[in-house]
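Chain by chain, the residues:
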Amino acid sequence: MHYLLELVGSSIVGSFVFLMILQLNTMILESNTTMGIEKITQSNMTTLVEEIEYDFRKIGYGATGQKILTADTTSIFYLCDIDLNGNVDTVGYTTSDTTVAVFSPNPKDILLYRFVNGVPITMTNNMGVTDFILLYYTENGTQTNNPADVRYIKFMLSLESQFAYGEEYSASYIERTIQPNNLR
Amino acid sequence: MFLTIGAMTLLSVFLISANRMILDNKMVAAESEYIISAISIGQTLIDEVKTKEFDEAVVGGGTIESIPELSLTLGPEGAEVIEFPDTSSTHAYLSKTLYDDVDDYNGYFRIVNTKRAEQYKVYAIVDYVKASDPDMIIGARTLCKKISLVIKSPYITQIPSVKLSYAFTY
């Protein structure tokens, strides 16, 4: 009887230990997966920001007269010699709505389009942009919507992972203010 | 009996350290977003400084013919007074309109709040540096000024601060 009790007791303790190890293993797997997803999201963010920064810094380069053609909170079109070939191009950024990114399981993501001379280039097939907001400021920091008065451009970019772990999407947000040299 | 207690203690130590490692990993992943934001905030300030003149002596279209014409002390002049921290919810920082040359930003302090994190503290220092080696700070005046930014956030704990610098030449 004594040995039987010891056997049952040790089996129960052993089962708990086994469950703890299983739980730990699950936590490590979850941590690795979420870390991987977050890394992809943040990597997408930095890549996208670099590209937008490069383009926005070029606003007005090589152009005369009014450099920004249209400016609102979700899109901007401006003139610049983006490919440095001596010809002034029309470059623009605009977004789609959430129904266009059908290939992504994330219901909130949208597409960010970059136009060069009217030809749209989808920048974010798999980047998970969920929000792209543009704000414009005059020289003294007053917000404006008049393209002729714009000196600073602030963009706010939100990204989410395409895939969720459980119910949670990994999110990343950045805001950046750029003063293009040719708008000074 | 002692063998069992020993084994359980070892297992507990292992579980606790594994748990700590997972938490640390999550912390690093979360903080990297705030670090990226801090870099962006620093670059925004550098962009602003880039729009200013190199020195007070050239504000309004003047030129510098010789080194002694440069500002002797680095910092804002006359009416360029800002009560620190310079902060704005609408991006209308006072430095944009009050400061007109690079070294006005020496000692500048700005607090930036974003949608995801607030209280980014940005400190700026401007020094004269050697043009051929911008890391070398020189006490005398030169035709190269370097702005060094230190950005701190209550959400960044893994590193003491984010540091950025940019050298301006005349």
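Let me sum up the structure you'll find in this document. (Residues numbered from 1 in each chain as written. Chains lettered and ligands numbered in written order. Predicted model: local features only at pLDDT ≥ 70, side-chain atom pairs only at ≥ 80, totals over all residues. Heavy atoms only, no water.)

1. Comments concerning the interface of chain B and chain A
Accessible area lost upon the coming together of the parts is a frequently used measure of interface size. Selection rule: Whether two residues touch is decided by their heavy atoms; if any such pair falls within 4.5 Å, the residues are in contact. What gets called buried area is simply the loss in accessible area from a 1.4 Å probe that two parts show on being joined, summed for both. In the sections that follow, a salt bridge refers to a side-chain nitrogen of Lys or Arg positioned within 4 Å of a carboxyl oxygen of Asp or Glu. Here a polar contact is recorded for every N or O atom pair within 3.5 Å, except that within protein the pair must consist of a potential hydrogen donor and a potential acceptor, and residues adjacent in sequence are included only if both atoms are side-chain atoms. Only DSSP runs of H or I with at least four residues qualify as helices, and only runs of E with at least two residues qualify as strands; both kinds are numbered from the N terminus onward.
With 32 residues of chain B at the contact, the number on the chain A side is 29 residues. Taken over both partners, the interface formed by chain B and chain A buries close to 2900 Å², and the fraction arising from carbon and sulfur atoms is 59%. On the surface where chain B and chain A come into contact, there are two salt bridges. Across the salt bridge formed by Arg176 of chain A and Asp47 of chain B, the nearest N and O atoms sit 3.6 Å from each other. Counting across the interface, chain B meets chain A through eight residue pairs in polar contact (both at pLDDT 80 or more). At the level of secondary structure, the elements contributing two or more residues to the side of chain B that touches chain A comprise helix H1 (2-50) and helix H2 (94-98) of chain B. The greatest single-element share of the side of chain B that touches chain A, amounting to 21 residues, is contributed by H1 of chain B.

2. As for the packing of aromatic side chains
The condition that has to hold: Ring pairs shown here join Phe, Tyr and Trp side chains whose ring centres sit within 6.5 Å, with only the six-membered ring taken for Trp; geometry is labelled stacked below 30 degrees between planes, edge-to-face above 60, and tilted in between. Categorising residues by exposure relies on relative accessible area from a 1.4 Å probe, with only protein chains included: less than 20% of the type maximum marks a residue as buried, more than 50% marks it as exposed, and the intermediate range marks it as partly exposed. A ring is scored as having a charge over it whenever the NZ atom of a lysine or the CZ atom of an arginine sits within 6 Å of its centre and within 35 degrees of its normal.
If you walk through the whole model with that rule in mind, you get 15 aromatic pairs over all chains. Between Tyr113 of chain A and Phe115 of chain A, the ring centres sit 6.4 Å apart and the planes meet at 50 degrees, which makes this aromatic pair tilted. When sorted by exposure, Tyr113 of chain A lands in the same class as Phe115 of chain A, which is buried. Every member of this aromatic cluster is reached through a ring pair, and the members are Phe56, Tyr78, Tyr93, Phe132 and Phe155 of chain A. Taking NZ or CZ as reference, Arg110 of chain B lies 3.8 Å from the ring centre of Tyr93 of chain B, over its face. Residue placement shows Lys145 of chain B over the ring face of Phe54 of chain B; its charged tip is 4.6 Å from the ring centre.

3. Examining unusual backbone geometry
Negative phi values dominate among residues other than glycine, just as trans dominates among peptide bonds. Residue Pro85 of chain B follows Phe84 of chain B across a cis peptide bond; omega there is 0 degrees. As for its position among the elements, Pro85 of chain B is in the loop between H1 and strand E1 (86-87). For Asn117 of chain A, which is not a glycine, the phi torsion comes out positive at approximately 50 degrees. The residue Asn117 of chain A is located in the loop between strand E4 (112-116) and strand E5 (119-122) in this model. Even without a glycine there, the phi angle at Gln119 of chain B is positive, about 65 degrees. Among the structural elements, Gln119 of chain B can be located in the loop between strand E2 (109-112) and strand E3 (120-130).

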